[in-house]
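An overview of the molecular structure
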Amino acid sequence: MTQDTTRPDAIVARGPDLTDLIDRLVRHDVVHRSLYTDPALFDLEMLRIFGGTWVYLAHDSEVPAPGDFVRRQMGRRQILIVRTEDGGLRGLLNRCTHRGTTLVGEDGGCAKRFVCPYHGWSFGLDGRIQNLPVPDSYDRLYERPFDLGQVALATRAGFVFGTLAAEPMEIDTWLGAAGPWLDQHAARYPGGRMGVQRRRLTQEYGANWKMSWDNAADGIHATFAHASYNHLGKEADTDTVLARNPADTPMVSKTLGHGHCVVDQRPGIPDGPWSTMRPLPTREALEDGLRAKGVTDPATWDLMTGDMVNLSIFPNLIFVGNQMMVVEPVALNRTRLRFYLTHAPDAPEEIDLMRLRVDEDFLSFGTPDDFEMFERVQEGLAVEEEEWIDISRGDGAGDVLGADGLVTGTVASEAPMRAYLAEWKRLMARPIPTTIRRARIEDSRFMQTIRRREMAKKGA
Amino acid sequence: MTAAAHPAATQAVIDRYDALRAMVDRALAAPAGDAAATARAAPVLEAEARLVDARAYGAWLDLFTADACLWIPLHPDDHPARDQALAFDDRRRLSERAWHMHDRQAWAVTRPRPLTLRHLGPVAAWPEAEGWLATCALSLTHVRRGPPVRLAGRQVVALRDTDAGPRITAKVLLLPELTLGTPHLGWIM
């Protein structure tokens, strides 16, 4: 391992060892407010969490053909997920290796190569430098590591994750008990084929990114924060799932390891998800259309709404309804959420037509209240004298610890919050060795030269 | 979208979506407005903006026909049959928005109560087979908690004559800022 950052194969563990501090800030039953208010911790999160572990970047279906790319965010880094000519995927840093210019300004597209608009350097889909102007102006061009930087990628069930960790955990190990839930989500689509809408909704709230995580498996807030949405349901004479008292339902939350968790609402909805849907624009017509096609299979009807399984893959992927909600920290107290609506290309057309309208409902009447609560929590956490936030709900009061170390509780349990914070501790306590991959390091002239010099030194 | 042997009910939805997209395209590419059509449409657009700012939601809803819709695409080029939108409301959902804007448990839009101002640019309108097509640029300012939210865009509105006078059958809000990201827009109507 070399920490010489001038070398293209550098493996660098950045930042201090904070084991003692982190232990003090995150206890089993309380967490310190500074996790949400300390800019130094936020800066470290961008290195150790949004870089040092796997981060969701894209879905395989978004880049079906060679040259297709989407631009995504990993902490402060822009990543281009690119389908290469051989059908593989690359995660290229959107950063020219000359001066650092971002190569691509669009959120997605199809390219034969990436050309820097500043000085005309061009790179292949696999990140290898193809051309640059006036190459003779470099004394030993072959010694320069000009191929684009890359992140490691791994895919499970079509979901693409990336990391800068030098020795990342195997993706299946990292997903652990969340892996089969992810597989199950993908398998819900006819033929196992899930698509992602080309447009994504982007909204920001003025609070720390972890608010999304605190909220993701919080089954109690729905009754109060979303009271108005629930009353919309009552007015329409439809009992939305949120309108029910979560403490009275057999819905469960489970921790899944490495900060992942799931809230399974299905035990509380015996008639299936579609039975809870409110009247929606075009609903009656599309139901008529489905019936006219003779579709009676409940599983197909339920495809129109979410599966009532809220799976959360730490640190940035939360499944809500038919949306994949991707969390992008912008600043200590500013977070961007990207809502990617998924679709079922092999289902009857009515399914996707209805999905478009289903997910606009909660985004109109529910999500704003979540944002409101996040921002009010951030405001409240400005009180320096109130240092601690209680996260003990469920512990010793309903939570069941399995032999696998995972916890099952009611949807009132805060076990998922404690579990993601345990992962946060693991990642934040010590520097994580990270490295920038490149298309060719080992066989590059640059590395050959370095090795020759090292051999010469040893010989001398 | 081409019709490929859809059931009639499904086809009706697709036709409505196609018509909405075509309506926007017509308005954006139309020549200078027709004076008589503009004179009929402009007061309705002005009233609609004023009433919603005044939170006079009952009178505001009265400006919409029973089959009216509100579409707020995420990108000006979007199609309602293919793309997720910020909102696609029928009349029932519009009435829910009006109810929600008065509900004291609608924390994000009523506590504290927001102040909004919609400023309309000059209206241009054209006669259509059934009524009029109108458009104008607009700016929206929303003040409630935190920094004010300011958006600029364009609205495209279809109107038809009813016994009560001209009424809105479709309203489309094109807001370029949606392509980048905004705070929540739970208040937008």
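Residues numbered from 1 in each chain as written. Chains lettered and ligands numbered in written order. Predicted model: local features only at pLDDT ≥ 70, side-chain atom pairs only at ≥ 80, totals over all residues.

Quick word on the overall build of chain B
Heads up, the condition is: Helix numbers and strand numbers start at the N terminus; a helix is a DSSP run of H or I with at least 4 residues, a strand a run of E with at least 2. Computation of the radius of gyration draws on C-alpha atoms alone. For the globule rule, the value is 2.2 Å times the number of residues to the power 0.38. Residues with at least 20 neighbouring C-beta atoms inside 10 Å of their own are called buried, those with 12 or fewer are called exposed, and the rest are partly exposed, where every C-beta is derived from the backbone. Distance between backbone-placed C-beta atoms decides contact: two residues are in contact if it is within 7 Å.
Each helix and strand in chain B was counted, giving 5 helices and 7 strands. Counting helices and strands in the order they occur from the N terminus, chain B gives α-α-α-β-β-α-α-β-β-β-β-β. For a compact globule of 189 residues, the expected C-alpha radius of gyration is about 16 Å, and chain B comes in at 17 Å, within 12% of that figure. Taking the principal axes of its C-alpha atoms as reference, chain B extends roughly 50 × 40 × 35 Å. Looking at chain B residue by residue over its 189 residues, the buried ones come to 41%. Considering only contacts in chain B between residues 6 or more positions apart, those separated by 24 or more positions represent 58%.

Points about the packing of helix α9 (residues 283-292) of chain A against helix α11 (residues 349-365) of chain A
Residue and element names in this part refer to chain A. In plain terms, the rule: Fitting a line to C-alpha atoms yields each axis, with helices limited to the stretch in contact; the angle taken between N-to-C directions then spans 0 to 180 degrees. Throughout this description, any angle smaller than 35 degrees is read as roughly parallel, any larger than 145 degrees as roughly antiparallel, any in the 65 to 115 degree range as roughly perpendicular, and the remainder as oblique. What makes a crossing left-handed is the near helix being turned counterclockwise from the far one by less than a right angle; a clockwise turn instead makes it right-handed. Throughout, the ten residues Ala, Val, Leu, Ile, Met, Phe, Trp, Tyr, Cys and Pro are labelled nonpolar, Asp, Glu, Lys and Arg are labelled charged, and all others, Gly among them, are labelled polar.
Between α9 and α11, whose axes approach to 9 Å, the crossing angle comes to 165 degrees. In terms of orientation, α9 and α11 fall into the roughly antiparallel class. For the pair α9 and α11, the sense of crossing is left-handed. Contacts from Arg283, Leu286, Gly289 and Leu290 in α9 reach Glu350, Leu353 and Met354 in α11. Of the residues assigned to the contact of α9 with α11, the class counts are 4 nonpolar, 1 polar and 2 charged.

Brief notes about the confidence of the model for chain B
Our working definition: Each residue carries a pLDDT value, the predictor's own confidence for that position, ranging from 0 to 100.
When the pLDDT values of chain B are averaged, the result is 95; 98% of them are 70 or greater. Interface scoring of the predicted complex returns ipTM 0.95; its pTM is 0.94.

Overview of the nonpolar core
The nonpolar side chains of a soluble globular protein tend to be buried, and buried together. Short version of the rule: Each nonpolar core consists of buried Ala, Val, Leu, Ile, Met, Phe, Trp, Tyr and Cys residues. Their C-beta atoms, within 7 Å, join them into a set. Reported domain spans reflect what an automatic or database domain assignment gives.
Residues Leu57 and Ile81 of chain A together with Ala41 and Ala134 of chain B are the most contacted members of the largest nonpolar core, which totals 167 residues. Formed jointly, this core draws a minimum of three residues from each of two domains, domain 1 (1-15 + 50-175 + 432-460) and domain 2 (194-429) of chain A. Those residues in contact with Ala41 of chain B that sit more than four places away from it in its chain are Val123, Ala125, Trp132, Ala134, Leu159 and Pro166 of chain B.

Structural notes on the domain arrangement of chain A
For interface size, the figure often reported is the accessible area lost on association. All names here are of chain A. Taken domain by domain, chain A holds domain 1 (1-15 + 50-175 + 432-460) and domain 2 (194-429). Placing a centre on the C-alpha atoms of domain 1 and another on those of domain 2 gives a separation of 34 Å. Listed per partner, the contact involves 12 residues of domain 1 and 12 residues of domain 2. When residues in the side of domain 1 that touches domain 2 are grouped by element, the largest group, 3 residues, is from strand β3 (residues 55-59). A breakdown of the residues in the side of domain 1 that touches domain 2 according to their chemical character gives 5 nonpolar, 6 polar and 1 charged.

Focus on unusual backbone geometry
In this structure, Pro315 of chain A follows Phe314 of chain A across a cis peptide bond, with omega equal to 10 degrees. Tracing the backbone through its elements, the reader meets Pro315 of chain A in the loop between β16 (309-313) and β17 (317-320). Residues Arg111 of chain B and Pro112 of chain B are joined by a peptide bond in cis, for which omega reads -5 degrees. Along the chain, Pro112 of chain B turns up in the loop between α5 (107-110) and β3 (115-120).

Observations regarding the sheet that holds strand β9 (residues 122-123) of chain A
Residue and element names in this part refer to chain A. Quick note on the threshold: Two strands pair under a simple rule: DSSP has to find at least two bridges between them.
If you trace the 3 strands from one edge of the open sheet to the other, you get β8-β9-β10, paired in antiparallel fashion. Across the chains shown, the open sheet's two edge strands, defined by having one partner strand only, are β8 (114-115) and β10 (129-131). Summarising the sheet, β9 and β10 pair through 2 bridges and their orientation is antiparallel. In the strand pairing of β10, Phe123 is matched with Ile129.

Section: the pairing of strand β22 (residues 407-410) of chain A
Remark: a regular strand shows side chains that alternate across the two faces of the sheet. Residue and element names in this part refer to chain A. In this sheet, β22 lies alongside strand β14 (residues 252-257) in antiparallel orientation, the contact comprising 3 bridges. Following the sheet pairing, Ser253 is matched in β22 by Gly409. One ladder, built from 2 bridges, connects strand β21 (residues 400-401) with β22; its direction is antiparallel. In the strand pairing of β22, Val400 is matched with Thr408.

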